[in-house]
Amino acid sequence: MTTVDRANERLVDHRVALGGTVEASRLAGRLGRWAHGDGTLTARLAQAIAALIEGGELRPGDRLPPERALAGAIAVSRGTVVAAYALLSEDELVERRQGSGTRVAGHLAAALPARERTARGEGLFSALPSGIDLLRAVPAMPQLALDIVRAHTPTLDPVTLSETDPAGLPSLRTRIAALFEEEGTTATAAQILVTHGAQQAISLVVDELVSPGDVVLTESVTWPGLADSVRRRGGRVHGVTIGPEGVDVDELEAAIVALRPVLIAVNPHHHNPTGTRLPSAGRIRIADLSAEYGVPVLEDRVLAHVSFDGVVPPTLAALRPDAPTIVVDSLSKWSWSGLRIGWLRADPVLVRRLRGVRQLVDQSTSVPAQLLALDLVEEARALRRAVGETHAVASARLLAEMAEQLPDWQVTPPRGGLAVWARLPVGSATALSRLAAMRGVAVAGGTEFTASVVYDDHIRVPFTAPEPVLEEGVRRLGEAWRDYRAQL
Ligand SMILES: Cc1ncc(COP(=O)(O)O)c(C=O)c1O
């Protein structure tokens, strides 16, 4: 044994003394949606544990929970855990010693630094390869969008085609500013930054405004792309209660006073995942709070236009032009998610700063995509109307299926958006989604959308899948639910 090995061994011992056994419930929580995917349960469990080891979340010397305890925590037989540990041992990822259990192998010094698992929303992209995907709420392209894309002829003008401004094509920025104006929000091209989808706009704003330890206020359940971005920066996400009428604005004000946030991020229209629409008084109040306390507010409008009754509330920026508002929107929900075109509207100084950051991240948005976006934005009104109409029908159909298959789930019919947020009368959505996965349906429980409160009694069911797929998905969800209830 070399001196380095000996030193490493001391480190390992030290770490074990500090860390000891990883608790079964903790490991179960870190495993996430391990039961999804191909292969036997044993192989999937071994893979999920291996991923935690490779990612540095389980560190050399960490002692895995006793087989029986882990089996109980993840609702499988003890034999499955024994076999999974044996597979890990064959791959030399763990060491099994008589009397001292199963430990993660390797030298601590060579391990990656342990990281807090930040990407909760990652599970939304882990649909079963051959199953039914009720995880993502990605709408099909409206026929009109398909027609526009097919008829598109790129401008082969050398000036435009060689344009690489990190803020976006000048013509597209001007057109997006005009779209804001048409809808009652003042905007100039200098206030617009074109991004790779709304998600990049959110990440850029968070990276620029949030430092480690800073607080960001948002709804207690929210789009994970927001909360994960804040956590990745080392910021703290504080969730404000959201009810059937949207976020609680009194609680929001109290949190502003108590926590001094650097940013408020809300999704007030057809909120993802709850589908709620904040009434006008609440929206005015948030705009006022932003102006009065001087806290920037990021208004996520990606779902604002997927409206079943045609009601599309104005931006917070229109309600209170002196408030430091940042509006984020994209083509994803009413045109083409795969095109990856989004934008933000902010004051020109912030746009300038973000343009600088953008240059470092990925230089600029693809010009062909921006040229296509110009054609689609031109038809924004018709495209948004079409998506609203299609999904009003899809929502009603899903609610009818759910009433039949899942009659004891509590749902409030949404007035817009792309998903139903259902409350289970008993039990855990995480446990249910595991059973559903075994029946070939991937569906997200509330924990995926947790900002700071765990909502494991809710499930999000999108109505974006084609009709027969959705019907079969809900039927299987019903079977999984009946099995699960019988076990409780
Ligand atoms: C509320 C919300 N914000 C932002 C995004 C990201 O949108 P984009 O596809 O434009 O990046 C999504 C995507 O589902 C969303 O639901």
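Residues numbered from 1 in each chain as written. Predicted model: local features only at pLDDT ≥ 70, side-chain atom pairs only at ≥ 80, totals over all residues. Heavy atoms only, no water.

## Looking at the site of the ligand
Around the ligand, 13 residues are found, and the nearest of them are Ala198, Asn272, Asp300, Ser330 and Lys333. One of the side-chain N or O atoms of Ser332 is found 2.8 Å from an oxygen atom in the ligand. Contact between the ligand and Arg340: an oxygen atom at 2.8 Å from a side-chain N or O atom of the residue. Isolated, the ligand exposes 400 Å² of accessible area, and the fraction of that covered by the protein chains is 93%. For the shell around the ligand, the secondary-structure elements that each account for two or more residues are helix 9 (197-209) and helix 14 (332-336). Counting residues per element, the shell around the ligand draws most heavily on helix 9, which supplies 4 residues. Here the shell around the ligand is built from residues that sort into 4 nonpolar, 6 polar and 3 charged. (Near = heavy atom within 4 Å. Polar contact = N/O pair within 3.5 Å; in protein donor to acceptor, adjacent residues only side chain to side chain. Areas by Shrake-Rupley, 256 points an atom, 1.4 Å probe, with all protein chains shown as cover. Helix = DSSP H or I, 4+ residues; strand = E, 2+ residues; numbered from the N terminus. Nonpolar A, V, L, I, M, F, W, Y, C, P; charged D, E, K, R; others polar.)

## A word on the environment of Ala346
In this structure, Ala346 sits in the loop between strand 12 (342-345) and helix 15 (348-362). The exposure class assigned to Ala346 is buried, which follows from its relative accessible area of 0%. Taking the C-alpha atoms as reference points, Ala346 and Gln191, 155 residues apart in sequence, are found 5.3 Å from one another. Once residues within four sequence positions are removed from consideration, Ala346 is found in contact with Gln191, Thr325, Ile326 and Val351. (Buried < 20%, exposed > 50% of the residue type's maximum accessible area, 1.4 Å probe, protein only. Contact = heavy atoms within 4.5 Å.)

## Here's the deal with the environment of Val302
Counting through the fold element by element, Val302 comes out in the loop between strand 10 (297-300) and helix 13 (316-319). Relative accessible area serves as the criterion here: at 10%, Val302 is assigned to the buried category. Each C-alpha atom, one on Val302 and one on Leu331, is 7.8 Å from the other, the two residues being 29 residues apart in sequence. The residues touching Val302, leaving out its near neighbours within four places in the chain, are Ala198, Val328, Asp329, Ser330 and Lys333.

## Notes on the domain arrangement of the protein chain
One frequent convention defines the size of an interface as the accessible area lost when the parts assemble. Domain parsing of the protein chain yields domain 1 (3-117), domain 2 (123-141 + 383-487) and domain 3 (143-382). For domain 2 and domain 3, the distance between their C-alpha centres works out to 26 Å. Contact with domain 2, which involves 30 residues of that partner, is made by 44 residues of domain 3. Each partner contributes to the roughly 3100 Å² buried at the junction of domain 2 and domain 3, and carbon and sulfur atoms together form 60% of this total. The three residues of domain 2 that bury the most area against domain 3 are Met141, Leu383 and Arg384, which together make up 33% of that side's buried surface. Counting every contact that joins domain 2 to domain 3 gives 2 salt bridges. Between Arg384 and Glu183 there is a salt bridge, and its shortest N-O distance comes to 2.7 Å. Seen at the junction of domain 2 and domain 3, the total is 20 residue pairs in polar contact (both at pLDDT 80 or more). In terms of residue count, helix 17 (residues 380-405) provides more of the side of domain 2 that touches domain 3 than any other element does, 9 residues in total. Broken down by class, the residue content of the side of domain 2 that touches domain 3 amounts to 17 nonpolar, 8 polar and 5 charged. (Domains from an automatic or database assignment. Buried area = accessible area lost by both parts, 1.4 Å probe. Salt bridge = Lys/Arg side-chain N within 4 Å of Asp/Glu carboxyl O.)

## Re helix 5 (residues 78-90)
Taking 1.5 Å of rise per residue, 13 residues should cover 18 Å, and helix 5 covers 19 Å from first to last C-alpha, within 8% of that figure. Within helix 5, burial applies to Thr80, Val81, Ala84, Tyr85 and Leu88. Buried residues of helix 5 fall within an arc of 130° about the axis and therefore sit on the same side. Considering only its buried residues, helix 5 is in contact with helix 3 (41-54), helix 4 (67-74), strand 1 (94-97) and strand 2 (101-104). (Expected span 1.5 Å × (residues − 1). Arc of directions from axis to C-beta.)

## Digging into the packing of helix 9 against helix 15
The contact between helix 9 and helix 15 brings their axes to 10 Å, and the two run at 110°. Here helix 9 is positioned roughly perpendicular relative to helix 15, judged by the angle of their axes. Residues Gln200, Leu204, Val205, Glu208 and Leu209 of helix 9 touch helix 15, and the partners they reach there are Leu350, Arg353, Leu354, Val357, Arg358, Val361 and Asp362. (Axes fitted to C-alpha atoms, helices over the stretch in contact; angles between N-to-C directions. Parallel < 35°, antiparallel > 145°, perpendicular 65-115°, else oblique.)

## As for the sheet that holds strand 5 (residues 215-219)
The 7 strands lie next to each other as 4-12-11-10-9-5-6, forming an open sheet whose pairing is mixed. Since the sheet does not close on itself, it has two edges, and those belong to strand 4 (192-195) and strand 6 (236-240), each with one partner. Taking each pair of neighbouring strands and ignoring which way they run, the sheet shows an average axis angle of 20°. Note: strand 5 against strand 9 (residues 263-266), 3 bridges, orientation parallel. Bridge assignment links Val216 to a residue of strand 9, and that residue is Leu263. Running at roughly 115° to strand 4, helix 8 (residues 170-182) makes contact with strand 4, strand 11 (325-330) and strand 12 of the sheet. (Pairing = 2+ DSSP bridges.)

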